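What follows is each chain in one-letter form.
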Amino acid sequence: MPAVVFVAPFFLETTLRFLQSAAELPGVRLGLISQDPVSRLPESVRSGLAAAEVLPDALDPDRIAGAVQRIAGSIGPIHRLLGALEQLQVPLAQVRETLDIDGMKTRAARNFRDKALMKETLQAAGVPCARHVLATGREQVGEFLERTGFPVVVKPIDGAGGKDTHRVEDPAALEAILAASEPTRERPLMLEEFVKGQEHSFDCVSIRGRQVWHSLSHYYPGPLEVLENPWIQWCVMIPREVDHPRYDDIRQVAVRALDALGVGTALSHMEWFRRADGSIAVSEVGARPPGAQFTTLISYANE
């Protein structure tokens, strides 16, 4: 019987849905690593656990590795190490390497987590994406703006879900961001061309590097506009007709992008734009399930 460890630092509502599904898998011994006490879990989840470890920091790879070894001593060799949180992708990859557990390793995880490295990898593979620069000083910021002009998008290299991502419209707004977060070699700042167009996602299941299933979505409006205007009621449409010819181009681009990043076996979430001229630009790719209620919507759309 395979043994699986799920790392869930905090018992957020969305995380609990993934954990519940893992606990219900037939023929699986499930271990849990968390920071929150197990007593906070619903009984339906607790009853499905074979072992659990509570850590002071469930994002630390060394602590995670130690907890995985202790769980293995209780339920047997660990076959898979899982976690839905974006910030866990690199730590989990490091633990898989340390303990020789099958799954995504550190190099691929960094391709997905480091937004600048991601863009370089995609461009080298011929994947169309927005122009960008990883600025380590104001000079690079100025040179980039000479090529693109305003507006630009400013973000951290390891952001998640739009956190700390800003659309910058003018020099005054840019100066405020630079004053608060001066770009240096130790703490570079990512600047990206602001792509105008309809925003979508491409959510995909890959098994050992082969894309076996996918879903597409349409955002109304784009996530950045929603973040800037909290009053907006966001709408996401997920069509059932994912094999329609109008999606031929993004399917081809998505496969090339995931191959270049080294997805392996994972559920991935790719954000992309279709410009007014019909061309495509890939924004970001996460080696994780989509956030918000996407997974629930995908389940409804695909029965």
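Look up: the structure comes first, before these words.
Parameters at a glance
- Residues numbered from 1 in each chain as written.
- Predicted model: local features only at pLDDT ≥ 70, side-chain atom pairs only at ≥ 80, totals over all residues.
- Heavy atoms only, no water.
- Helix = DSSP H or I, 4+ residues; strand = E, 2+ residues; numbered from the N terminus.
- Rg over C-alpha atoms; globule rule 2.2 N^0.38 Å.
- Buried < 20%, exposed > 50% of the residue type's maximum accessible area, 1.4 Å probe, protein only.
- Contact = heavy atoms within 4.5 Å.
- Areas by Shrake-Rupley, 256 points an atom, 1.4 Å probe, with all protein chains shown as cover.
- Lys, Arg positive; Asp, Glu negative; His and termini not counted.
- Charge placed at Lys NZ, Arg CZ, Asp CG, Glu CD.
- Patch = residues over 30% accessible without salt bridge, like charges linked within 9 Å, V, L, I, M, F, W, Y side chains within 5 Å.
- Salt bridge = Lys/Arg side-chain N within 4 Å of Asp/Glu carboxyl O.
- Pairing = 2+ DSSP bridges.
- Axes fitted to C-alpha atoms, helices over the stretch in contact; angles between N-to-C directions.
- Phe/Tyr/Trp six-rings, centres within 6.5 Å; stacked < 30°, edge-to-face > 60°.
- 1 Å grid on protein atoms, 1.4 Å probe; cavity = no way out; pocket = protein on both sides within 12 Å on 5 of 7 lines; lining within 4 Å.
- Points joined across faces, edges and corners; volume = space filled by probe spheres on them.
- Nonpolar A, V, L, I, M, F, W, Y, C, P; charged D, E, K, R; others polar.

Novice: Just checking my understanding: could you explain the overall build of the protein for this structure?
Specialist: Of regular secondary structure, the protein possesses 11 helices and 13 strands. On C-alpha atoms alone, the protein measures out to a radius of gyration of 20 Å, which is about the 19 Å that the 2.2 N^0.38 rule sets for 303 residues. Principal-axis analysis of the C-alpha atoms gives the protein an extent of 60 × 45 × 40 Å. Of all 303 residues assigned to the protein, the portion counted as buried reaches 47%. Expressed as a percentage of contacts within the protein between residues at least 6 apart in sequence, the contacts between residues at least 24 apart total 59%. Accessible area of the protein: about 14800 Å², with a carbon and sulfur share of 53%. Side-chain charges in the protein split into 32 positive and 39 negative, and the spacing between the mean points of these groups amounts to 4 Å.

Novice: Teacher, can you tell me more about a nonpolar patch on the surface here?
Specialist: A surface patch of nonpolar side chains, amounting to about 240 Å² of accessible area, comprises I207, V212 and W213. Here V212 lies in strand β10 (residues 210-220). Residue V212 is classed as partly exposed on the basis of its relative accessible area of 37%.

Novice: Would you take a moment to explain the sheet that holds strand β4 (residues 80-82) for this structure?
Specialist: Taken together, the four strands give an open sheet; going across it, the order is β3-β2-β1-β4, and neighbouring strands pair in parallel fashion. Each edge of the sheet is formed by a strand with only one pairing partner; in this case those strands are β3 (49-54) and β4. Strand-to-strand twist in this sheet, taken as the mean axis angle between neighbours without regard to direction, amounts to 20°. In terms of strand pairing, strand β1 (residues 3-7) meets strand β2 (residues 29-34) through five bridges, oriented parallel. Bridge assignment links V4 to a residue of β2, and that residue is L30. Sheet strands touched by helix α1 (residues 13-23): β1 and β2. Its angle to β2, the strand with the most contacts, is close to 155°.

Novice: Can you help me understand the packing of aromatic side chains in this one?
Specialist: What describes a pair of aromatic rings is the distance from one ring centre to the other and the angle between the planes of the rings. In this structure the tally under the stated criterion is three aromatic pairs. Each ring, one from Y219 and one from W234, has its centre 5.5 Å from the other, and the planes form 70°; the classification is edge-to-face. Taken as a pair, Y219 in strand β10 and W234 in the loop between α9 (223-228) and β11 (235-237) lie far apart in primary sequence, 15 residues in all. Judged by its relative accessible area of 2%, Y219 falls in the buried class. Measuring from centroid to centroid gives 6.0 Å for W234 and F294, while their planes differ by 40°, and the two rings are tilted. Linking W234 in the loop between α9 and β11 with F294 in helix α11 (residues 294-301), this pair joins segments that are 60 residues apart in sequence. For W234, a relative accessible area of 27% gives the class partly exposed.

Novice: Explain the pattern of salt bridges here, please?
Specialist: Side chains that carry opposite charge are capable of pairing whenever their charged atoms lie near each other. Under the defined criterion, the tally for this structure stands at 19 salt bridges. Where D36 meets R40, a salt bridge forms, and the shortest distance between an N and an O atom there is 3.2 Å. Residue class for D36 comes out buried when judged on its relative accessible area of 13%. R80 serves as the salt-bridge partner of D102, at 3.4 Å between the closest nitrogen and oxygen. Of this pair, D102 sits in the loop between α4 (89-99) and α5 (106-113) while R80 sits in strand β4; the two residues are 22 residues apart in sequence, bridging distant segments of the chain. Sharing partners across several salt bridges, the network here consists of E86, R113, K115, K119, K155, E192, E284 and R288.

Novice: I would appreciate a short explanation of unusual backbone geometry in the present structure.
Specialist: Working note: non-glycine residues mostly have negative phi, and peptide bonds are mostly trans. Residue P151 is reached from F150 by a cis peptide bond, and omega for that bond is -5°. Examined against the element boundaries, P151 turns out to sit in the loop between α7 (138-148) and β6 (152-155). Of note in this structure, R208 is not a glycine but carries a positive phi near 50°. Residue placement: R208 occurs in the loop between β9 (198-207) and β10. Owing to a relative accessible area of 62%, R208 belongs among the exposed residues under this scheme.

Novice: How do you make sense of the layout of surface pockets when you look at a structure like this?
Specialist: The rolling of a water-molecule-sized probe over the atoms marks out the regions of remaining empty space. In this model, the second largest pocket occupies a volume close to 930 Å³. What lines the second largest pocket is a set of 31 residues, among which L82, G83, T265, A266 and L267 lie closest to the centre. Of the residues contributing to the lining of the second largest pocket, the split by class is 16 nonpolar, nine polar and six charged.

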